[in-house]
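# Working through the structure, step by step
Each chain, written out:
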Amino acid sequence: MKKSILFLASCMMTIFSFAQITSSTISGIIVNEKNEVMVGASVIATHVPTGTTYKTVTNKTGAFVFPSVRVGGPFTVAASYVGYKSNQVDDLNTNLGVASNIDFVLIANGSKLTDVVVSSNRNGLFSKERTGASQQFTRRDLQNIPITGARTIDGITKYN
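From a predicted model like this one, the values you see are computed outputs, not experimental measurements.

Thresholds, definitions, all that
- Residues numbered from 1 in each chain as written.
- Predicted model: local features only at pLDDT ≥ 70, side-chain atom pairs only at ≥ 80, totals over all residues.
- Heavy atoms only, no water.
- Helix = DSSP H or I, 4+ residues; strand = E, 2+ residues; numbered from the N terminus.
- Buried < 20%, exposed > 50% of the residue type's maximum accessible area, 1.4 Å probe, protein only.
- Contact = heavy atoms within 4.5 Å.
- Areas by Shrake-Rupley, 256 points an atom, 1.4 Å probe, with all protein chains shown as cover.
- Pairing = 2+ DSSP bridges.
- Patch = residues over 30% accessible without salt bridge, like charges linked within 9 Å, V, L, I, M, F, W, Y side chains within 5 Å.
- Salt bridge = Lys/Arg side-chain N within 4 Å of Asp/Glu carboxyl O.
- Polar contact = N/O pair within 3.5 Å; in protein donor to acceptor, adjacent residues only side chain to side chain.

Once that is clear, we can look at the overall build of the protein. On a plain count of helices and strands, the protein comes out with three helices and eight strands. Counting helices and strands in the order they occur from the N terminus, the protein gives α-β-β-β-β-β-β-β-β-α-α. With 160 residues in all, the protein has 21% of them scored as buried. Long-range pairs, those at least 24 residues apart, make up 53% of the contacts in the protein with a sequence separation of at least 6. By element, 56% of the accessible surface of the protein is carried by carbon and sulfur atoms, the whole surface being about 12400 Å².

A few words on the pairing of strand β3 (residues 52-57). On a regular strand, each side chain points to the face opposite its neighbour's, so the side chains alternate between the two faces of the sheet. Relative to β3, strand β2 (residues 42-47) runs antiparallel, the two sharing six bridges. Residue pairing in the sheet places Ala45 in a bridge with Tyr54 of β3. Taken together, β2 and the strand that follows it, β3, pair antiparallel across an intervening segment of four residues, in which Gly51 is found at a positive phi of about 80°.

Let's shift gears to a nonpolar patch on the surface. Taken together, the side chains of Ile21, Val71 and Leu96 define a hydrophobic patch exposed on the protein surface, amounting to about 280 Å² of accessible area. Considering the arrangement of structural elements, one finds Leu96 in the loop between β6 (87-94) and β7 (99-101). Judged by relative accessible area, which is 51%, Leu96 ranks as exposed.

This brings us to the side chain of Ser24. For Ser24, the position within the fold is in strand β1 (residues 24-32). On the accessibility criterion, Ser24 (1% relative accessible area) is buried. Here the side chain of Ser24 touches Asn95 through a polar contact of 2.9 Å, landing on its backbone oxygen. Non-local contacts of Ser24, meaning those with residues more than four positions away in its chain, are made with Phe66, Pro67, Ser68, Val69, Arg70, Val71, Thr94, Asn95, Gly97 and Val98.

Rendered as structure tokens:
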């Protein structure tokens with residue numbers, strides 16, 4: 001019994017030792033010229049030969065990561081943030097199982113952002129008195145709706 005358990009354990013260890021890594025990682029940090037982290041900056045990595053794109057945004061520490069990208073390259077990695085000039089790195093090549101680190105410094109664009117005004121018109125379809133979905137049926141609709149069983153309100157609402 002002990003020999004069969006040992007044999008089974010050694011077989012499992014052998015199987016797990018053949019696991020392979022088939023991708024690479026691109027990561028980095030984005031800061032501005034004052035060395036402040038840029039939370040929510042957009043990062044796009046493009047595998048140039050295939051056109052495959054990977055997109056992400058930075059977290060609260062300004063870090064980004066593409067955890068599983070194609071091995072090789074070249075990649076073009078671009079970082080952008082509203083009110084800042086975009087920055088780009090070209091000809092990045094990745095290696096199997098190794099993280100490629102790229103840090104960006106974004107510089108303020110110097111242009112003033114204008115106000116955005118959102119306006120709307122109120123109509124009778126939306127109000128605080130009406131909640132949920134609604135549907136109106138005419139007498140003709142009620143007679144022509146294909147339902148199974150008795151023609152009751154339950155049968156109609158199940159169909160709708």
